[in-house]
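Now for the letters of each chain:
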Amino acid sequence: MGQRPTIWLHLGLHKTGTTFLQRVFLENRAWLAGQGLLFPETGLVWQRLNPGSPDALSGHTLFRVPLRGDNDELAGVLADSLARERGETGTRDILISSETLFNLRTPARPEVVERVLGPLGEVRPVFYLRRQDHYLDSLYRELLGWANPRITRGIWGFLANEGADWADLETRLAPWLDAFPPGAAVFRSYDDARAAPG
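Q: I would appreciate a short explanation of unusual backbone geometry in the present structure.
A: It is generally the case that most residues other than glycine have a negative phi and that most peptide bonds are trans. Across the junction of glycine 12 and leucine 13, the peptide omega takes the value 15°, indicating a cis bond. Of note in the backbone geometry, lysine 15 takes a positive phi value of approximately 65° without being a glycine. Relative to the elements of secondary structure, lysine 15 occurs in the loop between β1 (6–10) and α1 (18–27).

Here you go:
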């Protein structure tokens, strides 16, 4: 019996090039499918981040609510749709990408992820990490542009009130490391990737 298919779950972090990677994946869906990897249309969301701006790809954000355990019916619909897409494209592995699943405020629950996606294959979470001071500075700048909830305090207030929680990766990653077998999670350095040629 062969190995199970792999469900790659790319979770960000925020401000580690997630949107750029999602655009690359989307533009190269046919090539990826030829390699046996499905970047599914199921769950993809485009949203307008600011009034007057064009719609932007937001990754597989539709998975956010069901993978928190808040909508089992939608979870079933999405899982069935993934299986159908995989069958129609003749692919084996699946790549789902959404940094909202690792959002500090409303993250997905790893045990629900395993329950919903596990029947489709072996779930492998993928995290891009970066230097925490650069991460917090970049994240704060992005949060300033969010309409809901709007950040109205300066960066020192942000750091004092919630910055430490965003940067506490040990605590944020612990449930994911506990939920999956040793070595299942994949970690990459955003800083190293950015510095690499090409």
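There is more to say after this.
Q: Please clarify how helix α5 (residues 132–145) should be interpreted in this entry.
A: Working note: α-helix, 3.6 residues per turn, so residues spaced by three or four point in the same direction. A rise of 1.5 Å per residue sets the reference length of α5, with its 14 residues, at 20 Å; its end C-alpha atoms lie 20 Å apart and thus fit the reference within 8%. Restricting attention to buried positions, one finds in α5 the residues Tyr135, Leu136, Ser138, Leu139, Tyr140 and Leu143. Its buried side turned inward, α5 meets α6 (155–167) and α7 (169–179).

Q: Explain the nonpolar core here, please?
A: A general tendency of soluble globular proteins is for nonpolar side chains to be buried together. Counting 37 residues, the largest nonpolar core has Leu9, Phe63, Leu67, Ile96, Val113, Leu117 and Trp176 as its most contacted members. At the level of elements, β1, α3 (72–89), β5 (93–97), α4 (110–117), β6 (122–129), α5, α6 and α7 are the ones that each hand at least two residues to this core. Top contributing element to this core by residue count: α5, with five residues. Each residue touching valine 113, except ones within four places of it in the same chain, is listed here: Leu9, Leu67, Ala108, Gly118, Val123, Trp176 and Phe180. Residues Phe25, Leu44, Leu57 and Leu95 belong to the second largest nonpolar core, which totals seven residues.

Q: Honestly, the sheet that holds β1 in this entry has me stumped. Any pointers?
A: As a general point, the strands of a sheet are linked pairwise by backbone hydrogen bonds and lie either parallel or antiparallel. On the basis of which strands lie adjacent, the open sheet formed by five strands has the order β2-β5-β1-β6-β7 and parallel pairing. The open sheet has two free edges, formed respectively by β2 (37–38) and β7 (186–189), since each of these has just one partner strand. Examined bridge by bridge, β1 and β6 share five bridges and lie parallel to one another. Bridge pairing links threonine 6 to glutamate 122 in β6.

Q: Where do I start with the pattern of salt bridges in this structure?
A: Any two side chains of opposite charge can pair, so long as their charged atoms come close to each other. Inspection of the entire model under this criterion finds 10 salt bridges. Between arginine 92 and aspartate 93 there is a salt bridge, and its shortest N-O distance comes to 3.1 Å. Overall, the relative accessible area of 35% leaves arginine 92 in the partly exposed class. The partner of aspartate 133 in a salt bridge is arginine 131, and the shortest N-O contact between them spans 2.4 Å. Take aspartate 133: its relative accessible area is 41%, and that puts it in the partly exposed class. Accessibility expressed as a relative area gives 46% for arginine 131, which makes it partly exposed. Among the ionic contacts, a cluster of salt bridges with common partners joins Arg29, Glu41 and Glu85.

About the thresholds
In every chain, residue numbers begin from 1 and rise along the written sequence. Local features are withheld for residues below a pLDDT of 70 in this predicted model, meaning they are given only at 70 or higher, and side-chain atom pairs are given and counted only at 80 or more; totals for whole chains, interfaces and linings count all residues. Excluded from the side-chain calculation are hydrogens and water; included are all heavy atoms of the structure. What counts as a helix is a DSSP run of H or I of at least four residues, what counts as a strand is a run of E of at least two, and both are numbered from the N terminus. One less than the residue count of a helix, multiplied by 1.5 Å, gives the span that helix is expected to have. Here the term buried applies to any residue with accessible area under 20% of the maximum for its type, exposed to any over 50%, and partly exposed to those in between, with areas from a 1.4 Å probe on protein chains only. In what follows, residue pairs with any heavy atoms lying within 4.5 Å of each other are defined as contacts. Take the buried residues of types Ala, Val, Leu, Ile, Met, Phe, Trp, Tyr and Cys, join any two whose side-chain atoms come within 4.5 Å, and each joined set is a nonpolar core. Two strands make a pair as long as DSSP finds a minimum of two bridges between them. Criterion for a salt bridge: a side-chain nitrogen of Lys or Arg within 4 Å of a carboxyl oxygen of Asp or Glu.

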